[in-house]
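Overview (structure and organization)
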Amino acid sequence: MASLQSSAISFSSSLGRFSSTRTMLPQKPRNYKLPVVESKIREIFMPALSSTMTEGKIVSWVKSEGDVLSKGESVVVVESDKADMDVETFYDGILAVIVVNEGESALVGAPIGLLAETEDEIAEAKAKAKGQSGGSSSGSEITSEPQSAVGISSDALKKIVATPNAKKLAKQHKVDINKVNGSGPFGRITSEDVEKAAGITPAKSISSPPPPPPPAAAPAVGTTEKAAPVSLPEIPGSTSVPFTTMQVAVSKNMVESLSVPTFRVGYPVITDALDALYLKVKKKGVTMTALLAKAAAMALAQHPVVNSSCKDGKSFTYNSSINIAVAVAINGGLITPVLQDADKLDLYVLSQKWKELVEKARAKQLQPHEYNSGTFTLSNLGMFGVDRFDAILPPGQGAIMAVGASKPTAVANADGFFSVKNKMLVNVTADHRVVYGADLAAFLQTFSKIIENPESLTM
C-alpha cells in the first residue's frame, strides 16, 4: 500500500511540475486558417462493362435531371457490346446535367452526365456542360467518378464530348478536334461539325454517277477496319443503317480472327443412341444443346490442348476450367453464354443453367463473366436443318465446333452390309499455333465415342 501511495504521489508531483512548467512558457499566438470548402461537380463517365468494350450506348436514364442520388443507386442503363447493364453512382448528389441522351453513344471514359453536391451548383454544372463558363472563379472543380478529385476545365470537357464517328473522321481528315465548335447537345461535336471544319461538303444528291475507280488490289489477310474506306458507287434507293453496339463488337472480333492461322477438320458422328437418350431426358427439361455441350466438355477433359489458347503468339495457355461457350442468336446480334465447368456439372444441372443463361441473354442481362469466360465454343445450326458449315474462331480461344443436323444416312458396316442410321457432321476450326491435326483428330474420335455411347453423359 505504501508503494502504491508513493507511486501516486510521485505521479501527481510530476504532473504538478509539468503543469507548472507549461504555465511558465510564453504563449505564442497561432494563426489558424479556416478550411476552404470547395464544391465538387463530379463527372459520371461511360464505364467499361467488359474487356472488349470501347464504347457504350445509353439505353435509358433511370434518373432525370434534378433527381437526388444516393451512393450505389442505379442512374442509367448502358448497352455494352454484349448486354444491357445498370450503372450505379459512386457518390451522393444531384443529377445536374445529362450530357449523352438516350439512344446516343459515347466512348468508354467519356462524360455522360454531371453530378452536383448541392442545388446551388446545378446552374454552374449546366454552364460547364455547355462550355459557356470561362475560368473558374468560385473555387469549384469537376471530378471523375470514381477517381480522386481532378480539376477539369470547361474546354477540357468540350474536347471529350464528341461522337465516336466524329473522332474517327477528325483523325482521318487530320482535323484538330479540340478546335472544332460542336453544334450538338451541350456543345457535343458531331460528324457534320468535323466535315465542316475539314471543308467537306456532303453530297445531297447524285446528279451523275462518278467514273468507276481503277481496280484495286485485294486486301491482305488481317486488314483492319481502320483502313481508308473504298469509294463505291451508291445504289439508288439503298439505306445505310449503322451497327448496333453489339454488331460493332462482333465485327471487330471477326476481323481480329483473320490474323489467326486456322485449319478445319470434319468428322461424321452416328447419333442413334444420342437421339434415343434425348427422347428420355427431354421430358426433364434437357436440351440437345446441353447434351452436346456436356459431350464436348468430357472430350476436352481428355484432350486439354484443344481447350488451350495462344494469346501472345509465343506460348500455350492451358485453361484449368472447361467453359463451353454456346453461340445464341438474339435480336440484332450474336452472343455466346458460357457454361462454366461443364465437365463437372450434372447433366440436369447443366441444362437448367443453360436455360437461365438463354433467358438472360435474350433479355440482355448477362454479366461479363457469363459471356467472356469461354475456353471452347459450340455453334449448333442443326436445329435449322443445316447439314454442315464452318465456324469462325473467336479471339482468345483454341477451337470452335460447328454442329450440323442429324439425318438418316445409308451406312455400311465392316461386313459390307448397309443399314440406315442417323448421322451428323461436325466441323472444328482450330488455331494451328497450339492445336495440330493429330490433336484435333484424336479429340473428335473421343467426342464421337461419347455420342455413340452416351450413357456416361447422365452419370
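These figures come from a predicted structure and were not determined experimentally.

**Brief notes about the packing of helix α8 (residues 288–302) against helix α10 (residues 437–452)**
Packing of α8 against α10 brings their axes to within 9 Å, and their N-to-C directions diverge by 135 degrees. Between α8 and α10, the angle is such that the two are oblique. Seen along the crossing, α8 lies across α10 with a hand that is right-handed. Residues Leu292, Ala295, Ala296, Met298, Ala299, Leu300 and Gln302 of α8 pack against Phe443, Thr446, Phe447, Ile450 and Ile451 of α10. The class makeup of the residues in the contact of α8 with α10 is 10 nonpolar, 2 polar and no charged.

**Notes on the layout of surface pockets**
Empty space among the atoms can be located by rolling a probe the size of a water molecule over them. As a volume, the second largest pocket reaches approximately 870 Å³. Contributing to the lining of the second largest pocket are 38 residues, with Asn253, Thr336, Pro394, Pro395 and Gln397 lying nearest its centre. At the level of secondary structure, the elements contributing two or more residues to the lining of the second largest pocket comprise α6 (245–257), β13 (333–335) and β15 (376–380). Per element, the largest residue contribution to the lining of the second largest pocket is 5 residues, and it comes from α6.

**Concerning the sheet that holds strand β7 (residues 105–107)**
Taken in spatial order, the 4 strands make up an open sheet running β5-β4-β2-β7, and their pairing is antiparallel. If you trace the sheet from one side to the other, it starts and ends with β5 (84–88) and β7, each paired once. Pairwise comparison of adjacent strand axes, ignoring direction, gives a mean angle of 40 degrees for this sheet. Bridge count between strand β2 (residues 55–61) and strand β4 (residues 74–79): 4 bridges; the pairing is antiparallel. Bridge pairing in β4 places isoleucine 58 opposite valine 78.

**A word on the environment of serine 183**
Turning to its location among the elements, serine 183 is positioned in the loop between α4 (164–172) and α5 (191–197). Residues contacting serine 183, with those up to four places away along its chain left out, are Arg188, Thr190 and Asp193.

**Quick notes on the pattern of salt bridges**
On inspection of all chains with the given rule, the structure shows 5 salt bridges. Glutamate 370 is the partner of lysine 360 in a salt bridge, and the nearest nitrogen-oxygen pair spans 2.9 Å. One end of the pair, lysine 360, is in helix α9 (residues 347–362); the other, glutamate 370, is in the loop between α9 and β15, and 10 residues separate them in sequence. For lysine 360, a relative accessible area of 28% corresponds to the partly exposed category. Exposure remark for glutamate 370: the relative accessible area of 9% places this residue in the buried category. A salt bridge links aspartate 431 to arginine 433; its shortest N-O distance comes to 2.8 Å. Overall, the relative accessible area of 1% leaves aspartate 431 in the buried class.

**A few points about the side chain of lysine 63**
When you line up the elements, lysine 63 lands in the loop between β2 and β3 (68–69). According to the relative accessible area criterion, lysine 63 is buried, its value standing at 18%. Those residues within four positions of lysine 63 in sequence are excluded, and the remaining contacts are Leu69, Glu73, Ser74, Val75, Leu95 and Ile98.

How each quantity is defined
Residue positions are given per chain, counting from 1 as you read along its sequence in written order. Local features in a predicted model are, by the rule used here, given only for residues with pLDDT of at least 70; side-chain atom pairs are given and counted only at 80 or more, and totals for whole chains, interfaces and linings are based on all residues. Remark: hydrogens and water are excluded; side-chain values derive from all non-hydrogen atoms of the structure. Axis angles are defined between N-to-C directions and span 0 to 180 degrees, where every axis is a line fitted to C-alpha atoms and, for a helix, only to the segment in contact. Only DSSP runs of H or I reaching four residues or more are called helices, and only runs of E reaching two or more are called strands; each is numbered from the N terminus. Here is the rule for angles: anything less than 35 degrees is roughly parallel, anything more than 145 is roughly antiparallel, 65 through 115 is roughly perpendicular, and the remaining ranges are oblique. Rotating anticlockwise by less than a right angle from the far helix to the near helix defines a left-handed crossing, while the corresponding clockwise rotation defines a right-handed one. Should any heavy atoms of two residues lie within 4.5 Å, those residues are counted as being in contact. Put simply, Ala, Val, Leu, Ile, Met, Phe, Trp, Tyr, Cys and Pro go in the nonpolar bin, Asp, Glu, Lys and Arg in the charged bin, and everything else, Gly too, in the polar bin. The definitions used throughout rest on a 1 Å grid laid over the protein atoms alone, on which a cavity is an enclosed set of points accommodating a 1.4 Å probe that cannot get out and a pocket is an open set flanked by protein within 12 Å on both sides along at least five of seven lines; lining residues are those having an atom within 4 Å of a point. Grid points are joined across faces, edges and corners, and a volume is the space filled by probe spheres set on the points. By this definition, two strands are paired if DSSP reports at least two bridges between them. We define a salt bridge as a contact between a side-chain nitrogen of Lys or Arg and a carboxyl oxygen of Asp or Glu at a distance within 4 Å. Only protein chains enter the calculation, and the probe is 1.4 Å; a residue is then buried if its accessible area is under 20% of its type maximum, exposed if over 50%, and partly exposed in between.

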